[in-house]
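Given next are the chains, with one letter for each unit.
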Amino acid sequence: MIDASPVACEEFFSYLEKLFSISINDIRVMIQDFHAEMGKGLSGDESSLKMIPSFIDKPKGTEAGEFLALDLGGTNFRVLTVRLDGKGNANVPFASKFAIPQKDMQGTGVALFDFIVGCIDVFLTENHVDRSKTYDLAFTFSFPVEQTSIAAGKLIVWTKGFTATGVQGHDVILLLNEALRRKDIRCINITALANDTVGTLAARSYIDPACDLGVIMGTGTNACYREAASRIGKLNTVDAHGHMIVNMEWGNFDKVRVTCYDRLLDKASVNPGAMVMEKMVSGMYLGEITRLVLMDLIRRGFILVNETPAAEYFQERGSLKTEDMSRIEGDRTDRLDGVALFFERNGFSNITLHDKILLQRLCRIISTRAARLGAAAISAVLTWIDPKFKDVHTVGIDGSLFEKYPGFKTKMMNVLEELYGEKAERITLVHAKDGSGKGAAIIAAVAASSEAGRV
Ligand code: ADP
Ligand code: MG
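Residues numbered from 1 in each chain as written. Chains lettered and ligands numbered in written order. Predicted model: local features only at pLDDT ≥ 70, side-chain atom pairs only at ≥ 80, totals over all residues. Heavy atoms only, no water.

Caption draft 1: Quick look at the overall build of the chain. Along its length, the chain carries 16 helices and 13 strands. A compact globule built from 455 residues should have a C-alpha radius of gyration of about 23 Å, and the chain, at 23 Å, falls within 12% of that. Structurally, the chain occupies a C-alpha span of about 70 × 50 × 40 Å along its principal axes. Within the span of the chain, comprising 455 residues, buried residues form 58% of the whole. In the chain, 71% of the contacts between residues at least 6 apart in sequence involve partners at least 24 apart. A total accessible area of about 19100 Å² is found for the chain, and carbon and sulfur atoms account for 51% of it. Both charge centroids of the chain, one from 52 positive and one from 57 negative side chains, sit 1 Å from each other. (Helix = DSSP H or I, 4+ residues; strand = E, 2+ residues; numbered from the N terminus. Rg over C-alpha atoms; globule rule 2.2 N^0.38 Å. Buried < 20%, exposed > 50% of the residue type's maximum accessible area, 1.4 Å probe, protein only. Contact = heavy atoms within 4.5 Å. Areas by Shrake-Rupley, 256 points an atom, 1.4 Å probe, with all protein chains shown as cover. Lys, Arg positive; Asp, Glu negative; His and termini not counted. Charge placed at Lys NZ, Arg CZ, Asp CG, Glu CD.)

Right under this line is the structure:
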């Protein structure tokens, strides 16, 4: 292992900082590109933004009732009951979380939907749900779906590591109903299919009418916003009245400058060439980008020179996770004891303070780019809705990355301040906790009330 000079190391880090930097000028260009892609997506032209109509408007806050909700779309699958009191309160009396086995994520669609229904069965039994009654169920399914009505839609393409066969191109509500029938569960009536972004917007706007943007920053990233139906050119004229939430599928935005490390990550992914922005922004990928740069640093002899097994250890995909980055970057101790802990836990004890400082610096570079890209995308949507910021806007954001990554929100706010100065005060970024769960139920309630008298 070459022990490279400190000057060369510093030079390389300056290079990395530049490589991953997102200047305010880059952001201004990106906003314009975003608007162009949004316009094309809404008219039904070829675009990296699918701009999928949801056939549902925001809730009014008066919706009430009790609903079952399913949340599938990333790391865990959840089943919940949600009680809406019609006064802005959404309570969750029961909720269960199930880890999705890799074999079901990447096996057959039948196995995946049987797993889902198996979890529902366990949930009903554990919570002594009376199966002689019928329950309205909302399904949060956080993948790109070509929605054709509030409770029907075909999966366009899997993302976030899912590859189950026989699902792409098929109506997921139909597949869920078939699986329910296979297990002879008859007490469920599926009334709504929603994306987690739509759920997040619904959950936040149920209590906050200023909320017009729902964002996910978790395993993946995506957003939805409230659009005038008349601006959605690809809609049937019968549907083109009032307002409707549009699921942007912004993780697929591709007018961004990628680095050689992003290309390496993309090549090894299950969906090369797709979801370009998601791979630079979200929890599933940030640890992996950091690992790829770390490997390069090790190879160049800039870091962990006293730890020869490190090269082999970090060779393995997934050996550095976004959660690790969170802990590393959040370490404020003088001697970076938290960073040391990360190394020690992985069997390295000969690390220097210099190693720890460099790893923390690297995490900051990668997370800063993610936060700035996320903020740029939010700015693009806000200026599309309200170019002069005449109104105040709440952005409801769900996902562990936004919730837990130290400084992530501040980095995003910095971008808004750099762009809009004092007017940035008109924008509030809030954590919409459990938007994808509660929101699904709120959507089911909106669907129920809009059946009576359309949105
Ligand atoms: P999902 O997106 O699957 O619904 P979450 O919003 O909980 O679920 O996001 C899970 C993702 O968030 C994980 O893939 C992980 O990368 C990231 N994550 C989990 N914990 C943390 C943390 N403490 N800091 C930063 N990111 C985290
Ligand atoms: Mg989620």
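Caption draft 2: Here's a closer look at the sheet that holds strand β4 (residues 90-99). Reading across from one edge, β4-β3-β2-β5-β8 is the order of the five strands in this open sheet, with mixed pairing throughout. In the strand order of this sheet, the two ends are held by β4 and β8 (188-194), each with one partner. For this sheet, the mean inter-axis angle between neighbouring strands, taken without regard to orientation, is 20°. Across eight bridges, the pairing between strand β3 (residues 76-85) and β4 is antiparallel. Of the residues in β4, the one forming a bridge with Arg-83 is Asn-91. (Pairing = 2+ DSSP bridges. Axes fitted to C-alpha atoms, helices over the stretch in contact; angles between N-to-C directions.)

Caption draft 3: Structural detail: the environment of Met-217. Within the fold, Met-217 resides in strand β9 (residues 211-217). You can call Met-217 buried: its relative accessible area is 0%. Separated by 77 residues in sequence, Met-217 and Thr-140 have C-alpha atoms that sit 16 Å apart. Once residues within four sequence positions are removed from consideration, Met-217 is found in contact with Val-281, Gly-374, Ile-397, Asp-398, Gly-399, Ser-400, Leu-401, Phe-402, Phe-408 and Met-412.

Caption draft 4: Representation of the packing of aromatic side chains within the structure. Applying the stated criterion to the full structure yields 21 aromatic pairs. Geometrically, the ring pair formed by Phe-34 and Phe-253 is tilted, given 4.3 Å between the ring centres and 35° between the ring planes. Of this pair, Phe-34 sits in helix α2 (residues 24-43) while Phe-253 is found in the loop between β11 (243-247) and α7 (260-268), placing the two residues 219 residues apart along the sequence. For the pair Phe-34 and Phe-253, one class covers both residues: buried. A ring pair is formed by Tyr-313 and Phe-314, whose centres lie 4.9 Å apart and whose planes are at 90°; its orientation type is edge-to-face. Taking relative accessible area as the criterion, Phe-314 reaches 0% and is therefore assigned buried. (Phe/Tyr/Trp six-rings, centres within 6.5 Å; stacked < 30°, edge-to-face > 60°.)

Caption draft 5: Examining empty space enclosed by the protein more closely. Within the structure shown, the criterion is met by three cavities of 30 Å³ or more. Considering only enclosed or pocket space, the largest cavity measures out at about 90 Å³ in volume. When the residues that make up the lining of the largest cavity are grouped by side-chain class, the tally is four nonpolar, six polar and four charged. (1 Å grid on protein atoms, 1.4 Å probe; cavity = no way out; pocket = protein on both sides within 12 Å on 5 of 7 lines; lining within 4 Å. Points joined across faces, edges and corners; volume = space filled by probe spheres on them. Nonpolar A, V, L, I, M, F, W, Y, C, P; charged D, E, K, R; others polar.)

Caption draft 6: Highlighting the nonpolar core. In terms of nonpolar packing, the biggest core is built from 92 residues, with Phe-34, Trp-250 and Phe-314 touching the most fellow members. Here this core gets 17 residues from one element, more than from any other, and that element is helix α13 (residues 353-385). Counting residues in hydrophobic clusters, the runner-up holds 40 residues, among them Val-79, Leu-180, Ile-188 and Leu-193. (Core = buried A, V, L, I, M, F, W, Y, C linked by side-chain atoms within 4.5 Å.)

Caption draft 7: Region of interest: unusual backbone geometry. In this structure, Asp-184 takes a positive phi of about 60° despite not being glycine. Given a relative accessible area of 47%, Asp-184 falls into the partly exposed group. With a phi angle near 55°, Leu-304 is a residue other than glycine that sits in the positive phi range. Relative to the assigned elements, Leu-304 resides in the loop between α9 (283-299) and α10 (309-313). Assessed through its relative accessible area of 1%, Leu-304 is described here as buried.

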